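Chain by chain, the residues run as shown.
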Amino acid sequence: MDTTGELKHFYALATLIFVGKSLTSHGGQNVIEAAVFAKPIIVGPHTENFTTVIADFRTANALIQVADAAGLERAVTELWFDQPACLAYGQRAEQMVRAKAGAIRASAECLLRLLVT
């Protein structure tokens, strides 16, 4: 899928999610969109477009990052046959989204305070 707004329908039905453009040097896609569905997330090595988000998810063990297509195949196979791990990665991913929620509100409040003073 490469159409804006349609991925969420596929994410909701998926067993696990590989976030595209991360095996090639295209910088990856946003994992937050996938994480809200509490599914395990796999990304490749090229996540330059979302370095802070990926770092947060990696720190929380909320995604799997692979080096190449062979690593992707291994990760998919392992998750496919390990349901508890599959569920755990998905839950940690969803928890990351909840833990980081509110950034827009906090930013707006900060800007308002700056504008008022």
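In this text, all values refer to a predicted model and were calculated from it rather than measured experimentally.

### A word on helix α4 (residues 69–81)
Its 13 residues give α4 an end-to-end C-alpha distance of 19 Å, which sits within 8% of 18 Å, the value for a rise of 1.5 Å per residue. In this fold, the buried residues of α4 make contact with β1 (17–18), β2 (41–43), β3 (64–65) and α5 (83–100). For α4, the capping residue at the N-terminal end is Asp 68, with a side-chain oxygen 3.3 Å from the backbone nitrogen of Ala 70.

### Structural notes on the nonpolar core
As a rule of thumb, soluble globular proteins bury nonpolar side chains together. Residues Val 19, Val 31, Ile 41, Val 43, Phe 57 and Leu 63 are the most contacted members of the largest nonpolar core, which totals 15 residues. Looking at this core, the elements with two or more residues in it are α2 (32–35), β2, α3 (51–59) and α5. Ignoring anything within four residues of it in the chain, the contact list for Val 43 reads Phe 18, Val 19, Ser 22, Val 31, Ile 54, Leu 63, Ile 64, Gln 65 and Val 66. One finds Leu 16, Leu 79, Cys 86 and Tyr 89 within the second-largest nonpolar core, a separate group that totals nine residues.

### Side note on the layout of surface pockets
Estimated volume of the second largest pocket: approximately 160 Å³. Ile 32, Thr 52, Val 53, Asp 56, Phe 57, Met 96, Val 97, Lys 100 and Ala 103 are the residues that line the second largest pocket. Among the secondary structure elements, those contributing two or more residues to the lining of the second largest pocket are α3 and α5. Considering each element in turn, the lining of the second largest pocket owes the most residues, four residues, to α3. Residue classes in the lining of the second largest pocket are distributed as six nonpolar, one polar and two charged.

What counts and how
Residues numbered from 1 in each chain as written. Predicted model: local features only at pLDDT ≥ 70, side-chain atom pairs only at ≥ 80, totals over all residues. Heavy atoms only, no water. Helix = DSSP H or I, 4+ residues; strand = E, 2+ residues; numbered from the N terminus. Expected span 1.5 Å × (residues − 1). Contact = heavy atoms within 4.5 Å. Polar contact = N/O pair within 3.5 Å; in protein donor to acceptor, adjacent residues only side chain to side chain. Core = buried A, V, L, I, M, F, W, Y, C linked by side-chain atoms within 4.5 Å. Buried < 20%, exposed > 50% of the residue type's maximum accessible area, 1.4 Å probe, protein only. 1 Å grid on protein atoms, 1.4 Å probe; cavity = no way out; pocket = protein on both sides within 12 Å on 5 of 7 lines; lining within 4 Å. Points joined across faces, edges and corners; volume = space filled by probe spheres on them. Nonpolar A, V, L, I, M, F, W, Y, C, P; charged D, E, K, R; others polar.

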